[in-house]
Amino acid sequence: MTDPIIVIVSGPGGAGKGTLVEALVARDKQLWLSRSWTTRAQRDGEPDTAYVFVAREDFEKQIAIDGFLEWTEFLGNLYGSPRPEMGSGLDIVLEIELHGAEQVKASHPEAILVFVSPPSREEQQRRLQGRGDPEHHVVERLKKAEDEEREGAKKADVLIINDDLERAVAEIQGIIGAARTARR
Ligand code: ADP
Ligand code: 5GP
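Note that this is a predicted model, so its numbers are computed, not measured. (Residues numbered from 1 in each chain as written. Chains lettered and ligands numbered in written order. Predicted model: local features only at pLDDT ≥ 70, side-chain atom pairs only at ≥ 80, totals over all residues. Heavy atoms only, no water.)

**Q** Just checking my understanding: could you explain the overall build of the protein for this structure?
**A** The helix and strand tally for the protein stands at 6 helices and 9 strands. Here the C-alpha radius of gyration of the protein, 16 Å, is about what a compact globule of 184 residues would show, namely 16 Å. Counting only C-alpha atoms, the protein reaches 45 × 40 × 30 Å along its principal axes. The burial tally for the protein puts 46% of its 184 residues in the buried class. Long-range pairs, those at least 24 residues apart, make up 65% of the contacts in the protein between residues at least 6 apart in sequence. Taken as a whole, the protein presents about 9500 Å² of accessible surface, with 52% of it coming from carbon and sulfur. Between the centroid of the 24 positive side chains of the protein and the centroid of its 33 negative side chains there is a distance of 2 Å. (Helix = DSSP H or I, 4+ residues; strand = E, 2+ residues; numbered from the N terminus. Rg over C-alpha atoms; globule rule 2.2 N^0.38 Å. Buried < 20%, exposed > 50% of the residue type's maximum accessible area, 1.4 Å probe, protein only. Contact = heavy atoms within 4.5 Å. Areas by Shrake-Rupley, 256 points an atom, 1.4 Å probe, with all protein chains shown as cover. Lys, Arg positive; Asp, Glu negative; His and termini not counted. Charge placed at Lys NZ, Arg CZ, Asp CG, Glu CD.)

Written out as structure tokens, the structure is:
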């Protein structure tokens, strides 16, 4: 059994990461999307399946048993990826922020870090507001985006601008395709 390809999709809130990874797994049945745990409250209209929504106490118990591949605190909430099942034969997609991405790269140096940016700060704001984020979330995420993009440019293997969704999905599909060819 060959090792799975691990694709990490990172980027500021409202860049479109969730939309991109949903499109990727819908089109590619060999991809498995990790579902993170979070202590953040569920947003209005956010599907129940977006995260495993848990109390901080339960998250901390999971840390104590070393149940996360990576985890971090982001804007006051905990987020973590449960350790994925490695023997399924499927390649793995993680949609996580950069601190978590670094942890995954440390344990799996072959993982591919794709950093997604929005086309502009104005468009990012429109997307966050259009998604129904509470205004303080919008403000926090826009403010954090500057640092994230600076760090992303240094750490990512690939930088993608998500202006046209179809093109951005196709770019990531191309990256995964190339990694599969190289693995053979
Ligand atoms: P993230 O996961 O990066 O926070 P989302 O995937 O939730 O972002 O996208 C934020 C909003 O922007 C959603 O309402 C989504 O439908 C919209 N969106 C995502 N990608 C695009 C795009 N390429 N063009 C226009 N709107 C987009
Ligand atoms: P949001 O609250 O907007 O859903 O997510 C906030 C940030 O946490 C985003 O950058 C998202 O990619 C990141 N994130 C989501 N799940 C995880 C996770 O399991 N681990 C880490 N490190 N970051 C995560």
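**Q** Hey, could you run me through the site of ligand 2 in this one?
**A** Around ligand 2, the surrounding shell holds 16 residues, and the nearest of these are Ser36, Arg40, Tyr51, Tyr79 and Glu97. In this structure, an oxygen atom belonging to ligand 2 sits 3.1 Å away from a main-chain N or O atom of Gly80. The side chain of Arg141 places a nitrogen or oxygen atom 2.7 Å from an oxygen atom of ligand 2. Here ligand 2, which alone exposes 510 Å², has 97% of that area covered by the protein. When each cavity is represented as a set of grid points, ligand 2 is found to reside in the largest pocket. Going through the elements one at a time, strand E5 (68-74) and strand E6 (77-82) are the ones with two or more residues in the shell around ligand 2. Residue classes in the shell around ligand 2 are distributed as 4 nonpolar, 6 polar and 6 charged. (Near = heavy atom within 4 Å. Polar contact = N/O pair within 3.5 Å; in protein donor to acceptor, adjacent residues only side chain to side chain. 1 Å grid on protein atoms, 1.4 Å probe; cavity = no way out; pocket = protein on both sides within 12 Å on 5 of 7 lines; lining within 4 Å. Sits in = over half its atoms within 2 Å of the grid points. Nonpolar A, V, L, I, M, F, W, Y, C, P; charged D, E, K, R; others polar.)

**Q** Could you clarify how one ought to interpret the nonpolar core in this entry?
**A** General note: in soluble globular proteins, nonpolar side chains tend to be found buried as a group. Counting residues in each nonpolar core, the largest one holds 21 residues, and the members touching the most others are Val114 and Ile172. Within the residue set of this core, elements represented by two or more residues are strand E1 (6-10), helix H1 (17-27), strand E8 (112-117) and helix H6 (165-183). A per-element tally of this core places H6 first, with 6 residues. Residues in contact with Val114, not counting those within four places in the same chain, are Val7, Ile8, Val9, Ser10, Val158, Ile160, Ile172 and Ile175. (Core = buried A, V, L, I, M, F, W, Y, C linked by side-chain atoms within 4.5 Å.)

**Q** Mind showing me how you'd approach the pattern of salt bridges here?
**A** A pair can form between side chains of opposite charge whenever their charged atoms are brought close. Counted according to the given criterion, the structure contains 24 salt bridges. Residue Asp133 is joined to Arg43 by a salt bridge in which the shortest nitrogen-to-oxygen separation is 3.4 Å. One end of the pair, Asp133, is in the loop between helix H4 (121-130) and helix H5 (135-155); the other, Arg43, is in the loop between strand E3 (37-38) and strand E4 (52-53), and 90 residues separate them in sequence. Here Arg43 falls in the buried class, since its relative accessible area comes to 14%. Here Asp163 ties to Arg167 by a salt bridge, and the two come within 2.5 Å at their closest N and O atoms. Residues joined in a network through salt bridges with shared partners are Arg40, Arg43, Glu46, Arg131 and Asp133. (Salt bridge = Lys/Arg side-chain N within 4 Å of Asp/Glu carboxyl O.)

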